[in-house]
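Fold and contact review
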Amino acid sequence: MDGLKNIMEDVVEEHIKKILPTMPNVCTCKKCQLDIATYALNRLPAEYVRTDTGALYQKLNNHLPQAEATILTEITKAIEIIAANPNHNT
């Protein structure tokens, strides 16, 4: 639907881009990044917004310590699983 946005997608992408460069033994190709994001997003709650104000509110909420810990935990799990089982030839 036009006008809807899942803010969690942006949050997960932002964290993946920060975390992956610190992990030299993990593949950082686009396919692996998408697999990591998919795995994490399927385990995190969707946060759909319709307005810029709603987007700002959700982004601020996602920077609260508990929310950030939950997000980082799922992304870390995703990285471990995808790194151990890449969906392509290494």
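Thresholds, definitions, all that
- Residues numbered from 1 in each chain as written.
- Predicted model: local features only at pLDDT ≥ 70, side-chain atom pairs only at ≥ 80, totals over all residues.
- Heavy atoms only, no water.
- Helix = DSSP H or I, 4+ residues; strand = E, 2+ residues; numbered from the N terminus.
- Buried < 20%, exposed > 50% of the residue type's maximum accessible area, 1.4 Å probe, protein only.
- Contact = heavy atoms within 4.5 Å.
- Areas by Shrake-Rupley, 256 points an atom, 1.4 Å probe, with all protein chains shown as cover.
- Lys, Arg positive; Asp, Glu negative; His and termini not counted.
- Charge placed at Lys NZ, Arg CZ, Asp CG, Glu CD.
- Phe/Tyr/Trp six-rings, centres within 6.5 Å; stacked < 30°, edge-to-face > 60°.
- Lys NZ or Arg CZ within 6 Å of the ring centre and 35° of its normal.
- Core = buried A, V, L, I, M, F, W, Y, C linked by side-chain atoms within 4.5 Å.
- pLDDT = per-residue confidence, 0-100.
- Salt bridge = Lys/Arg side-chain N within 4 Å of Asp/Glu carboxyl O.
- Polar contact = N/O pair within 3.5 Å; in protein donor to acceptor, adjacent residues only side chain to side chain.

This next bit is on the overall build of the chain. Scanning the chain from terminus to terminus reveals four helices and two strands. Going from the N terminus to the C terminus, the chain shows its helices and strands as β-α-α-β-α-α. The dimensions of the chain, computed from C-alpha atoms along their principal axes, are 40 × 30 × 20 Å. Residue burial in the chain is summarised as follows: out of 90 residues, 30% are buried. For the chain, long-range pairs separated by at least 24 residues make up 83% of all intrachain contacts whose partners lie at least 6 apart in sequence. With the model as given, the accessible surface of the chain reaches about 6,100 Å², and the carbon-plus-sulfur share is 54%. Across the chain, the mean location of the 9 positive side-chain charges is 3 Å away from that of the 11 negative side-chain charges.

This paragraph deals with the packing of aromatic side chains. A complete count under the given rule lists zero aromatic pairs for this structure. Above the ring of Tyr 39, the side-chain terminus of Arg 43 is found at 3.5 Å from the ring centroid.

This brings us to the nonpolar core. The biggest cluster of nonpolar side chains holds 21 residues, and the ones touching the most others in it are Val 12, Ile 16, Ile 36, Ile 75 and Ile 79. Contributions of two or more residues to this core are made by helix H1 (7–19), helix H2 (30–41) and helix H4 (65–84). Looking at this core element by element, the count peaks at six residues for H1.

On average, the chain scores 93 in pLDDT, and the residues at 70 or more come to 98%. Taking the mean pLDDT of every element in the chain, the minimum, 88, falls on helix H3 (residues 52–61) and the maximum, 97, on H2.

Turning to the pattern of salt bridges, a few remarks are in order. Taken as a whole and judged by the stated rule, the model has four salt bridges. Residues Asp 10 and Lys 5 are paired through a salt bridge, measuring 3.2 Å at the closest nitrogen-oxygen approach. The class of Asp 10 is partly exposed, set by a relative accessible area of 25%. The partner of Glu 14 in a salt bridge is Lys 18, with the nearest N and O atoms 3.5 Å apart. You can see Glu 14 and its partner Lys 18 sitting in helix H1, four residues apart, about one turn around the helix.

Attention shifts here to the side chain of Asn 62. Relative to the assigned elements, Asn 62 resides in the loop between H3 and H4. What makes Asn 62 buried here is its relative accessible area of 4%. Engagement of the side chain of Asn 62 in a polar contact is seen with the side chain of Glu 47, the distance being 2.7 Å. Asn 62 has contacts with Ile 7, Met 8, Val 11, Glu 47, Ala 67, Glu 68 and Ile 71, leaving out every residue within four places of it along the chain.

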